[in-house]
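# Close look at the chain arrangement
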Amino acid sequence: MRAGPRLGLIATLLLTPALASAERRFALVAGNDAGGSDTRPLLFASQDARRFHAVLTQLGGVALADADLLVNRRADELLRSLASMESRIADAQHRGERTVLIVYYSGHAKDGDLRLGDSRLGFSTLKARLGAAPADIRVGIIDSCHSGIVTRSKGARRAPAFEIEATGSQETRGLVLLSSASADEEAQESDEIGGSYFSQYLVSGLRGDADLSGDRRVTLSEAYAYAYARTVADTAESAAGTQHPTFSFDLKGNADLVLTDLTSRREGLYVPASAPAGTYYLIDTSGFIAAEVVKPADADRHIALPAGRYRVRRRLADRLRIGEFRVAEGQFVTLDESRLRDAAFSDDPVKGSRRDSAVRLSLSLGATVQAFFDAPTRDSLFPPTGLLSAELQVHNFFRRGWLWALDLAGGSAGGQVTRLDTPLPFRFSEFTAGMSLATEWPLWGNRLVPYAGLRLAYLLLSRKFEDRTFPDQFLSTFSPGLVAGIRYRLSDSFAALLRARAHYLLYSVDENRSLGYWELSAGLSYDF
Amino acid sequence: MKHFAPLLLATFSLGACGNYSNEDLDFQLALPEDGELDAKLPQALTLDTSSEYYKLTRQVVTSFNGWAAALVGLVDDVRRYSPTSRNGAERVWGPFADDKHPGWQIRVVMVRVADPNAPAPAFQVSYSIQLRNAAQNGSAFFDFMTGNYSSSGSARQGQGEMLLDVKTAREAFFPVDDFGDLERLDLVYDTADYPITVHMVVQNVATAQNRGADYSYAENADGSGTLIFDLTVDVVPGVPGATDVTFISQWLGSGAGRTDAYLKGVAVDTPVGIDCWGTSTVADYVWRWNGQGNFGSADSCVYQ
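Our next topic: the overall build of chain B. Each helix and strand counted, chain B has five helices and 15 strands in total. Split into buried and exposed, the 304 residues of chain B put 31% on the buried side. Long-range pairs, those at least 24 residues apart, make up 40% of the contacts in chain B between residues at least 6 apart in sequence.

Here you go:
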């Protein structure tokens, strides 16, 4: 699990960074929100992986063909992908290419294992695989709880920065391991920044904000120092306690490792030295914080960003300064303070990211039985009916722990009404569409999730009489109600669903009558 | 809080619409169906050799059923469509534009009549088909057909009346060519139990040669029945001074039957003819007051 923030110390490195021209880089990037039945699903682990994958392929010199992105995949799949990558690395080395392997993981970890859904991968196993991998330089970055275990060895440090000593003239070789937290700490996520602290700051740093040397290249040590400082600062006052990233390395060579090269990307945002000092949040169109810029006074910043439209936010004591800018292909756009406007805190554009980043979808199919409480109504007006139902559930859309669901159902049943001593058999049909808003209470590590809330349904009820001299009848109406259910997780993707609803229906054709009906459903849901 | 409940009701009423109603079924069940008021002669065919009075009875039955079908047909749409509006005990269909008669509107109003003495499932209803000349400003609806029905507890088992007022429609310049010389048609029926009875009075305009007819029909559970009909015919066309003739036809479920004809008099009716026929509808016995064509024995008649 990951847990919140404080300020630490940053030590900068002043090495001579180098990116060998014949170097080929490989990256295996994995993120998994689930960690098995005894853990609560993470909100941003898969998103962290996507962002790290993006920054490596955009700025890190990793070709798309050499970058594997594994989202919510199992441990055996990760190991297979790693084996495949090692094979390709070996081939590249046989061709005389210098190689770098970067392995990134964001997700759960517990009891010495990485948790990839229901599967596990030991820290020690991963570390051994990295140690034995054929690449010249191997970088392991683990963003998970207790991930400091992976760096716990001779030379492991819980420190704000590390320094790679230039030794001789040979090219740099060896293993570097970074962890987001110490061996006894939780790694924390933040709704505010829409990701885990460590990964979010690592990505922001790699996009340019960590480039303290100003050479428009971000080295491994610069990125680590930046992420360390921001993570410690932001988690210092969190309930889970301060989170301290750690590192260990066994590198020999003549230079630090350049992770991202901003000169290879010709578009982004340029924050001039004249811009006010402070922290700028750059938010993409999907609401995620694409990068943060900690701008000192009288210093400029280059932040590499993919072409597109962005919003920028800077927080002052009493208000926000917000604005928009567009990054065109091959162009660094200069941030113009005069084009930002004042805004209240309630207009904070980052709220969108908080909502969007938490979204998780699931689709359920099931069978429903519906009946009205009132016996005369049940016997002669709306008979008990079986329905087939489908429901799209959007988790954490409005806020974390809230469930927003859209459902459709349809079914039919036979019925009979007797009027003036005359039995009139009919075929009753029903179509419903509903929207629910409920609160979820995950139990037993998210294996069992009860929920309860409100629902508004649209009902189209109709009947056809066997005696076709009578016209078809229908009723179209809205119906408010209550919903409660239990979702029991069967696997990473599937869950069994039991649900009960009670609804109010105002019948107003012959006269105004308040009716009520109940529904019981059982189904199977699939999480996307 | 006391304003909340009505507000909630109003909110959910706004989105509600439809015709899903059990009470509508009561109104629709109260109306007679096509064929329900027909006179039923057991045989379907008339032969050249059939008895003269049997043939006459058959013709009258056809005419009788035609008038009944015309009346029932007018309310047929009420059964096939749901009401346009509901107001407590009242149901209204329309008003609709009368496609056949441009400028005219038609509507049907049915009202449930409360009867505190009626048993629980009993149902009493009155109804009317109304016309209005929409082309005339301020023109009001008038009754073209009225009716009422009292259920005995079951659908279409009860007493009812129907009146077709062609005279009023003609005076309002509603095109009534389809009705010929008809001025008024009254129909009273009782389907509550056997014998089912239907009494129909056809009244034509005064200038018509045939100024009308009176039919009384009774149907028994075993298929036997009686049809009494008066024909009023001017002896001299166009000159009032009609001769009234009453025919009494009776038949068994097997089809064999008898017709007696009477010339209506001031004090007593005078028998003028008798036909008795068997199941083949061919006469077994014929008697005429003037002796022409008489044959057979009255003992062969199924009714003595």
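A cis amide bond links Gly94(B) with the next residue in sequence, Pro95(B), at an omega value of 10°. Secondary-structure assignment places Pro95(B) in strand β3 (residues 90–97). Not every positive phi belongs to a glycine, and Asp111(A) is a case in point at roughly 55°. Since 11 C-beta atoms lie within 10 Å of it, Asp111(A) is described here as exposed. A positive phi is found at Asp298(A), a non-glycine position, where the angle reads about 60°. Looking at the element boundaries, Asp298(A) is found in the loop between β15 (289–295) and β16 (301–304). What makes Asp298(A) exposed here is the crowd of 8 C-beta atoms within 10 Å.

What follows is about the interface of chain A and chain B. Note: interface size is frequently given as the accessible area lost on complex formation between the parts. Between chain A and chain B, the contact holds 23 residues from the first and 27 residues from the second. Counting only elements with at least two residues in the side of chain A that touches chain B, the list comes to β23 (402–419), β24 (422–440) and β26 (473–489) of chain A. Tallying contributions element by element places β26(A) first for the side of chain A that touches chain B, with six residues. Here the residues of the side of chain A that touches chain B are counted per class, giving 12 nonpolar, eight polar and three charged.

A few words on the sheet that holds strand β14 (residues 278–283) of chain A. Each strand in a sheet pairs with its neighbour through backbone hydrogen bonds, running either in the same direction (parallel) or in the opposite one (antiparallel). All names here are of chain A. Taken in spatial order, the five strands make up an open sheet running β15-β14-β17-β18-β20, and their pairing is antiparallel. At either end of the open sheet lies a strand with only one pairing partner, and these are β15 and β20 (341–343). Averaged over all pairs of adjacent strands, the angle between strand axes in this sheet comes to 30°, irrespective of strand direction. By the bridge criterion, six bridges tie β14 to β15 in an arrangement that is antiparallel. Residue pairing for β15: Tyr-281 is matched across the bridge by Glu-292.

Here is what the cut-offs are and how they apply
- Residues numbered from 1 in each chain as written.
- Chains lettered and ligands numbered in written order.
- Predicted model: local features only at pLDDT ≥ 70, side-chain atom pairs only at ≥ 80, totals over all residues.
- Helix = DSSP H or I, 4+ residues; strand = E, 2+ residues; numbered from the N terminus.
- Buried ≥ 20, exposed ≤ 12 C-beta atoms within 10 Å, placed from the backbone.
- Contact = placed C-beta atoms within 7 Å.
- Nonpolar A, V, L, I, M, F, W, Y, C, P; charged D, E, K, R; others polar.
- Pairing = 2+ DSSP bridges.
- Axes fitted to C-alpha atoms, helices over the stretch in contact; angles between N-to-C directions.

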